[in-house]
Amino acid sequence: MERRNIRERLQRLYGHEKGNAAYEKLELLIQKWQEPVSISLAKDTHQNQETLFSERDAVLIAYGDHLLREGENPLSTLATWCRKHLKNALSTVHVLPFHPSTSYEGYAITDYRAVEPKMGRWEDLVRLKEDFNLMMDLVLNHCSSEHPWFKQFLADEEPGRRYFTTMDSPETPWLKGVFRARNLPLLHPFETKNGIKNVWTTYSPDLIDMNWREADVFLEFMEIIFDSIARGARIIRLDAFVYVWKKEGTSCIDQAENHDLVRLFQSVLGAINASAVTILPSITNVTQSDNYAYFGKGEEERQADLIYHLPLSALLLYSLYKEDATVIREWLERLPEAPPNRAYLNLTASHDGIGLTWLKDLISDKAIDELIEKAVKHGALLSSRKKTVDDEDKPWELNATYFSACSPEDDKNIDEHLARFLATQNVVLSLRGVPALYLPLFLTGRNDYKRAEEWQDNRAINRGRFNIDEWEEKAKDNSTIEAKVLKGLTNLLRVRTSTPAFHPEGKQEIMQTGQKEILAISRTPASSDDKKVLCLTNFSSQSQRINGEQLQKKCNHTKEVIDLVTGEKRTMTDEMTLAPYQVLWLQDNKTQ
């Protein structure tokens, strides 16, 4: 059945003849990689057995050279730091592209099967994998202008001569309707053996778009996926995936063929007995419902195993600035559940910005303007872009570290800063799904204006590197914000990993408290209604009173509960008080 699906999907994408030819080549690849993939998967000792995800799953997002120590490979430094501080707190480390690259923070790849020597060696990633699952990027929309494939294209040599998209003229009328990821020309002229060619470059002249209408491009990247799995990857992120399929007369974003490709990837993984490997397509600049569609319907039409919960970041910041949880509460109430054995990836921060385009149908334009104004006052930069070449610049994303964005009016009040920051991260860890945390969140990463200026890229403000010895020295002192943030986040993570109510298959109910400042989320284990957890977050700078007894009855709690965050026993009385920005995870105080 799996093989038939693969053949049919290849035929649908590439036509009957080319699809059949691609299928025969794919069979040879599967035979070649079956044993290395099987051996790699058999070595796993910390994979979930019953479901793809569990409450033990959480992801760290990090650049391979985020942490710097003199005389040591950055990847080795990362592995050491993660083992010391995050073992048993999260399951997976997402190492952003660590391959040789010519630009764009690692995304202009020249060799998909090598490690950038300045970052380290494959052995460093093997050591990381001793304690964590490994998540890797598949940068499949584009490669570097220095990649051997593009050099073959310029020389009119096989196979690269077929691997890129060209247009006769940049003035071709339908190109005006193509969605623009950057305010740069969509095509760039390159001198080739056969004269000037206008080559498709969605992001920059150094990021050359692959021609996914060529079946051999699919086969090249399928082999890279096999190689990545054999080397230990258990989650594959499909970078810039929304742009891969170019079709004349369309916006060339989020085409039907994108969905066919993800289904094809899943079918091939099934055929090589690697269904335990998770697929996460990066889908941006589409509506929430279009993003959700990448889950697919049913197992046979399965697409993404994970999808990004991208509105969450901006909505949490908006709620914090407004001291009002109404908008995020109403959004969560409307949100469709992920299908069985699939999940949302919940996060506030990544290597990119805090997206604003997701908010269009969730809050008013006036509210978006208020968010922008407040964030800029807190030090954020604002990036604007055009959707199409004839469009006008519109706010696209806020650029800041999330820690800086959560700063209080008095930025010297570290306790208030800590409470505001942890309130936002608490929601990420409370929600149904899999949480993901960007490494600078643990390190109190602050806005790096110097890096943004040097790189001429607003996003670089959130991509600073850290001298890890200097950070460790600060974190030794329990009174520092560095120590308090690390302790606060790792405590929440470790509580979460040991609490079945946070299983992604568990139930989630958004509760009404009567107080607009309070977000209340009830989580129930997938296996039973026992041991529920009520997660309360106060978004206000003022103490808030709620009717604890009423919530206790709605959640079917006993009156005597324990706060899992602090270990303190509490009584759910008529009147419960939450301190400013306080977080509570309440569970019945009784033994099974």
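Residues numbered from 1 in each chain as written. Predicted model: local features only at pLDDT ≥ 70, side-chain atom pairs only at ≥ 80, totals over all residues. Heavy atoms only, no water.

Trainee: Please clarify how the overall build of the protein chain should be interpreted in this entry.
Mentor: Each helix and strand counted, the protein chain has 18 helices and 26 strands in total. The globule rule puts the C-alpha radius of gyration for 592 residues at 25 Å, and the 24 Å found for the protein chain is close to it. Dimensions of the protein chain, computed from the C-alpha atoms along their principal axes, are close to 80 × 50 × 50 Å. Buried residues in the protein chain amount to 61% of all 592 residues. Total accessible area computed for the protein chain in this model is approximately 23,700 Å², and 47% of it derives from carbon and sulfur atoms. Of note, the protein chain has its 75 positive side-chain charges centred 2 Å away from the centre of its 88 negative side-chain charges. (Helix = DSSP H or I, 4+ residues; strand = E, 2+ residues; numbered from the N terminus. Rg over C-alpha atoms; globule rule 2.2 N^0.38 Å. Buried < 20%, exposed > 50% of the residue type's maximum accessible area, 1.4 Å probe, protein only. Areas by Shrake-Rupley, 256 points an atom, 1.4 Å probe, with all protein chains shown as cover. Lys, Arg positive; Asp, Glu negative; His and termini not counted. Charge placed at Lys NZ, Arg CZ, Asp CG, Glu CD.)

Trainee: Would you mind going over the sheet that holds strand E15 (residues 381–385) with me for this structure?
Mentor: The strands that make up a sheet are held in pairs by hydrogen bonds between backbone atoms, and each pair lies either parallel or antiparallel. Pairing within the open sheet is antiparallel, and its three strands lie in the order E14-E16-E15. Each edge of the open sheet carries a strand with a single partner, namely strand E14 (354–355) and E15. With five bridges joining them, E15 and strand E16 (residues 394–399) adopt antiparallel strand pairing. Across the sheet, the residue bridging to serine 383 is glutamate 397, located in E16. (Pairing = 2+ DSSP bridges.)

Trainee: Explanation requested: the packing of aromatic side chains in the structure shown.
Mentor: Applying the stated criterion across every chain yields a total of 25 aromatic pairs. Taking the centre distance of 5.8 Å and the plane angle of 50° together, the rings of phenylalanine 179 and tryptophan 396 count as tilted. Of the two residues, phenylalanine 179 is situated in the loop between strand E6 (166–167) and strand E7 (187–192) and tryptophan 396 in strand E16; the sequence distance between them amounts to 217 residues. When sorted by exposure, phenylalanine 179 lands in the same class as tryptophan 396, which is buried. Site record: aromatic cluster; members linked through ring pairs are Tyr112, Trp149, Tyr163, Trp212, Phe218, Phe221 and Phe265. Positioned over the ring face of tryptophan 122 is arginine 231, at 4.2 Å from the centre of the ring. Here the guanidinium or amino end of arginine 465 rests over the ring plane of tyrosine 63, the centre of that ring lying 4.3 Å away. (Phe/Tyr/Trp six-rings, centres within 6.5 Å; stacked < 30°, edge-to-face > 60°. Lys NZ or Arg CZ within 6 Å of the ring centre and 35° of its normal.)

Trainee: Got a minute to help me understand unusual backbone geometry in this structure?
Mentor: Residues glutamate 158 and proline 159 are joined by a peptide bond in cis, for which omega reads -5°. Looking at the element boundaries, proline 159 is found in the loop between helix H5 (148–154) and E6. Phi at glutamate 105 takes a positive value of approximately 50°, unusual for a residue other than glycine. Relative to the helices and strands, glutamate 105 resides in the loop between strand E3 (92–95) and helix H4 (122–129). The residue asparagine 273 is not glycine, and still its phi comes out positive at about 60°. Following the sequence through the fold, asparagine 273 ends up in the loop between helix H7 (256–271) and strand E11 (278–281). Look at asparagine 273 and you get exposed, because its relative accessible area is 57%.

Trainee: Mind showing me how you'd approach the side chain of asparagine 462 here?
Mentor: Relative to the assigned elements, asparagine 462 resides in the loop between helix H15 (449–455) and strand E18 (466–467). The residues touching asparagine 462, leaving out its near neighbours within four places in the chain, are Ser350, Asp352, Ala400, Thr401 and Tyr438. (Contact = heavy atoms within 4.5 Å.)

Trainee: Where do I start with the sheet that holds E6 in this structure?
Mentor: Here three strands make up an open sheet; going across it, the order is E6-E8-E7 and the pairing antiparallel. Sheet topology places E6 and E7 at the edges, where each strand pairs with a single neighbour. Summarising the sheet, E7 and strand E8 (residues 195–200) pair through six bridges and their orientation is antiparallel. Within E8, the residue paired with histidine 188 across the bridge is valine 199.

Trainee: Would you explain the packing of helix H1 (residues 2–14) against H7 in this entry?
Mentor: Pairs of packed helices are described in terms of their axes, by the angle between the two and the distance that separates them. One can describe the packing of H1 onto H7 by two numbers: an axis separation of 9 Å at closest approach and a directional angle of 150°. On the basis of the axis angle, H1 is roughly antiparallel to H7. In this structure, the crossing between H1 and H7 has a hand that is left-handed. Counting all contacts with H1, which are made through Glu2, Arg3, Asn5, Ile6, Arg9, Leu10, Arg12, Leu13 and Tyr14, the residues of H7 involved are Glu257, Asp260, Leu261, Arg263, Leu264, Ser267, Val268, Gly270 and Ala271. Residues that form the contact of H1 with H7 fall into these classes: eight nonpolar, three polar and seven charged. (Axes fitted to C-alpha atoms, helices over the stretch in contact; angles between N-to-C directions. Parallel < 35°, antiparallel > 145°, perpendicular 65-115°, else oblique. Left-handed = near helix turned anticlockwise from the far one by under 90°. Nonpolar A, V, L, I, M, F, W, Y, C, P; charged D, E, K, R; others polar.)

Trainee: Could you clarify how one ought to interpret empty space enclosed by the protein in this entry?
Mentor: The gaps of empty space that remain are located by a probe, the size of a water molecule, rolled over the atoms. Counted under the stated rule, the structure contains three cavities of 30 Å³ or more. When its volume is computed, the largest cavity comes out at roughly 630 Å³. Of all elements in the fold, only strand E10 (233–239), E14 and E16 reach the threshold of two or more residues within the lining of the largest cavity. Across the lining of the largest cavity, the residue classes break down as 16 nonpolar, 13 polar and nine charged. (1 Å grid on protein atoms, 1.4 Å probe; cavity = no way out; pocket = protein on both sides within 12 Å on 5 of 7 lines; lining within 4 Å. Points joined across faces, edges and corners; volume = space filled by probe spheres on them.)

Trainee: Before we go on, may I ask you to explain the layout of surface pockets in this structure?
Mentor: Of the voids in this model, the second largest pocket is the one considered here, and its volume is about 650 Å³. Elements with a contribution of two residues or more to the lining of the second largest pocket: helix H8 (288–292), helix H11 (365–377) and E16. Along the lines of polarity and charge, the residues of the lining of the second largest pocket split into nine nonpolar, five polar and nine charged.

Trainee: What is the right way to look at the pattern of salt bridges in this model?
Mentor: When the charged atoms of two side chains with opposite charge come close together, those side chains can pair. Under the criterion given, the structure shown has 47 salt bridges. Here arginine 9 makes a salt bridge to glutamate 301, at a shortest N to O gap of 3.4 Å. Taken as a pair, arginine 9 in helix H1 and glutamate 301 in the loop between H8 and strand E12 (306–308) lie far apart in primary sequence, 292 residues in all. By relative accessible area, glutamate 301 is classed as partly exposed at 30%. Put simply, aspartate 305 and arginine 302 hold a salt bridge, and the shortest N to O gap is 2.7 Å. Residues aspartate 305 and arginine 302 agree in their burial class; the two are buried. Several salt bridges share partner residues, and in doing so they unite Lys25, Asp156, Glu158, Arg161, Arg162, Glu214 and Asp216 into one network. (Salt bridge = Lys/Arg side-chain N within 4 Å of Asp/Glu carboxyl O.)

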